[in-house]
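So you can see what is in the structure, the chains are spelled out below.
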Amino acid sequence: MKRGFFLLMASLLLAGACQSNNEAPKDIAGHVIVIGLDGWGTWSFEQGDTPFIKEKMKEGSWTLYKRTVRPSISGPNWAAQMNGTPVEVSGITGNDKGVPTFKPLVQPDHGCQPTFFHLLKQVRPDAETGVVCEWGEFSVYADHQCLDYRKAIDDPSGHPDAIVKESVKYIKEKKPVICFIHIDALDHMGHSYGQGSAEYMAELPKVDDRIRRIVEGAKEAGIYDDTIFMITSDHGHEGTSHGGDSTNEIETPYVVWGKGIKKGHEITEPVIQYDVAATVAKVFNLKTPDSWRGVPIDVFE
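Residues numbered from 1 in each chain as written. Predicted model: local features only at pLDDT ≥ 70, side-chain atom pairs only at ≥ 80, totals over all residues. Heavy atoms only, no water.

Visitor: Just to check I follow, could you spell out the overall build of the chain for this structure?
Guide: Secondary structure assignment for the chain yields eleven helices and eight strands. Relative to a compact globule of 301 residues, whose C-alpha radius of gyration would be 19 Å, the chain shows 21 Å and is just as compact. Counting only C-alpha atoms, the chain reaches 85 × 45 × 35 Å along its principal axes. In the chain, which comprises 301 residues, the proportion classed as buried is 54%. For the chain, the accessible surface area stands at approximately 13,700 Å², while carbon and sulfur atoms represent 51% of it. Taking the average place of the 31 positive charges on the side chains of the chain and the average place of its 42 negative ones, the gap between the two points comes to 8 Å. (Helix = DSSP H or I, 4+ residues; strand = E, 2+ residues; numbered from the N terminus. Rg over C-alpha atoms; globule rule 2.2 N^0.38 Å. Buried < 20%, exposed > 50% of the residue type's maximum accessible area, 1.4 Å probe, protein only. Areas by Shrake-Rupley, 256 points an atom, 1.4 Å probe, with all protein chains shown as cover. Lys, Arg positive; Asp, Glu negative; His and termini not counted. Charge placed at Lys NZ, Arg CZ, Asp CG, Glu CD.)

In structure tokens form, the structure reads like this:
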């Protein structure tokens, strides 16, 4: 009798363990909003007037030493943050509308490097995905075939608040699972007036406030508490240009906060652009391709 009882209990425990092991892990958050600041270099951080960003650093995790991939220009670095690969894999070495300079190491059926947008659509075809950008070609690097929504701002210099209006409108109407917002203002100031110029530094608090208002839009949409926010960049500047290997060009900040993110945590491990893609993928437990070189950044509780 006792032997039968113990066999029954052992069977029940084994069945429970098998069921638990087969359960899909839960997503860390329901939404990710990535805000990319073109031309935001670490060199500007200490002197920069960015109260909202610095407040969110205290509420989340950050590093000031995220490295670019080479060369330190927009195309390869925005691509790497979405497709998880260095240029040696993607073949994207320039700003040529996402067209690889040489044959990519991996060529998926749909012809684009698999970004986190693509990975999400593979398992959740109905998940809302979108990009709002101030550089029209940005969505090409995001893999526009996997986007439900694309909005490029016309004349962003003449309409600096349009990025806020359009981003908030999209977030409130669609509540996207992944949304990438690209703000170009700092890069424009860097090219026009130079690294450390009064004009560049004066633009920082304006961009900071645009980010604040976009985040407020997520609160108004009712998704703030179930969202992870990331602020990232593609490169810095050296004088009025970039593309080289100076510290001012290759070191950029990364700030992340929200559901399931460590608070008051300085990231001390090395971070490279393609790690951002892997971190977004981890939020939704997406299986990343063998071609990816990014690893999730240590920011999760």
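Visitor: Help me out: how do you make sense of the layout of surface pockets in this one?
Guide: Using a probe with the size of a water molecule, rolled over the atoms, empty space left in the structure can be pinpointed. The volume enclosed by the largest pocket comes to roughly 160 Å³. The class makeup of the residues in the lining of the largest pocket is six nonpolar, five polar and one charged. (1 Å grid on protein atoms, 1.4 Å probe; cavity = no way out; pocket = protein on both sides within 12 Å on 5 of 7 lines; lining within 4 Å. Points joined across faces, edges and corners; volume = space filled by probe spheres on them. Nonpolar A, V, L, I, M, F, W, Y, C, P; charged D, E, K, R; others polar.)

Visitor: Could you clarify how one ought to interpret helix H9 (residues 198-220) in this entry?
Guide: Residues spaced three or four apart along an α-helix point in a common direction, a consequence of the helix completing one turn every 3.6 residues. Taking 1.5 Å per residue, 23 residues should reach 33 Å; H9 reaches 34 Å between its end C-alpha atoms and fits that length. Once H9 ends, the next one or two residues include glycine 222, with phi positive near 80°. (Expected span 1.5 Å × (residues − 1).)

Visitor: How do you make sense of the sheet that holds strand E1 (residues 31-37) when you look at a structure like this?
Guide: Strand pairing in a sheet takes place through backbone hydrogen bonds and is either antiparallel or parallel in direction. Within the open sheet, the eight strands sit side by side as E4-E3-E5-E1-E6-E7-E2-E8. Their pairing is mixed. Each having just a single partner strand, strand E4 (149-152) and strand E8 (265-266) make up the two edges of the open sheet. When E1 meets strand E5 (residues 178-183), the two strands line up parallel, connected through six bridges. Its bridge partner being in E5, isoleucine 35 is matched across the sheet by isoleucine 181. (Pairing = 2+ DSSP bridges.)

Visitor: Even after reading the chapter, I still don't get unusual backbone geometry, so can you show me in this structure?
Guide: The general pattern is negative phi for most residues beyond glycine and trans for most peptide bonds. The peptide bond linking arginine 70 to proline 71 adopts the cis configuration, its omega dihedral lying at -5°. Here proline 71 lies in the loop between strand E2 (61-67) and helix H3 (74-83). A positive phi angle is found at lysine 97, which is not glycine, with a value near 55°. One can find lysine 97 in the loop between helix H4 (87-90) and helix H5 (116-123). Residue lysine 97 is classed as exposed on the basis of its relative accessible area, which comes to 56%.

Visitor: Where do I start with the pattern of salt bridges in this structure?
Guide: Close approach of charged atoms allows side chains of opposite charge to pair. For the structure on display, the rule yields 15 salt bridges. Here arginine 210 and aspartate 161 are joined by a salt bridge, their closest N and O atoms 3.9 Å apart. A residue pair is termed long-range when its members are at least 10 positions apart, and arginine 210 in helix H9 and aspartate 161 in the loop between E4 and helix H7 (162-174) qualify at 49 residues. Among the ionic contacts, a cluster of salt bridges with common partners joins Asp161, Glu203, Asp209, Arg210, Arg212 and Arg213. (Salt bridge = Lys/Arg side-chain N within 4 Å of Asp/Glu carboxyl O.)

Visitor: I'm lost on H7 in this one. Help?
Guide: Compared with the 18 Å implied by 1.5 Å per residue over 13 residues, the 18 Å span of H7 between its first and last C-alpha is a close match. Every buried residue of H7 is listed here: Ile163, Val164, Glu166, Ser167, Val168, Tyr170 and Ile171. Where H7 is buried, its residues touch E1, strand E3 (129-133), E4, E5 and H9. Trailing H7 by a residue or two, lysine 175 shows a phi angle of about 45°, which is positive. (Contact = heavy atoms within 4.5 Å.)

Visitor: It is not clear to me how the packing of aromatic side chains should be interpreted in this structure. Could you clarify?
Guide: Applying the stated rule across the entire model yields ten aromatic pairs. Seen from their ring centres, phenylalanine 52 and tryptophan 257 are 6.2 Å apart, and the 80° between their planes marks the pair as edge-to-face. Pair noted here: phenylalanine 52 is in helix H2 (residues 51-59) and tryptophan 257 is in strand E7 (residues 251-258), with a separation of 205 residues, a long-range link. Looking at phenylalanine 52, the relative accessible area reads 10%, which means it is buried. Through successive ring pairs, a cluster of aromatic residues spans Phe52, Tyr224, Phe229 and Trp257. In this structure, lysine 54 packs its charged tip against the face of phenylalanine 45, placed 5.0 Å from the ring centre. Positioned over the ring face of tyrosine 224 is lysine 219, at 4.9 Å from the centre of the ring. (Phe/Tyr/Trp six-rings, centres within 6.5 Å; stacked < 30°, edge-to-face > 60°. Lys NZ or Arg CZ within 6 Å of the ring centre and 35° of its normal.)

Visitor: In this structure, what is going on with the environment of threonine 279? I would like to understand it.
Guide: Secondary-structure assignment places threonine 279 in helix H11 (residues 273-283). Residue class for threonine 279 comes out buried when judged on its relative accessible area of 0%. In this structure the C-alpha to C-alpha distance between threonine 279 and aspartate 298, which are 19 residues apart in sequence, comes to 8.6 Å. In this structure, threonine 279 is in contact with Met230, Tyr254, Val295, Pro296, Ile297, Val299 and Phe300, ignoring residues within four places of it in sequence.

Visitor: Help me understand the nonpolar core in this model?
Guide: As a rule of thumb, soluble globular proteins bury nonpolar side chains together. One finds Met82, Phe116, Phe117, Phe180, Ile228, Met230 and Phe284 to be the most contacted residues of the largest nonpolar core, which totals 41 residues. Among the elements that take part in this core, H11 stands out by supplying five residues, more than any other. Those residues within four positions of phenylalanine 116 in sequence are excluded, and the remaining contacts are Gln81, Met82, Ile178, Phe180, Ala277, Val280, Leu286 and Trp292. Phe52, Met57, Ile163 and Ala218 belong to the second largest nonpolar core, which has 37 residues in total. (Core = buried A, V, L, I, M, F, W, Y, C linked by side-chain atoms within 4.5 Å.)

By themselves, these are just geometric observations and shouldn't be taken as functional.
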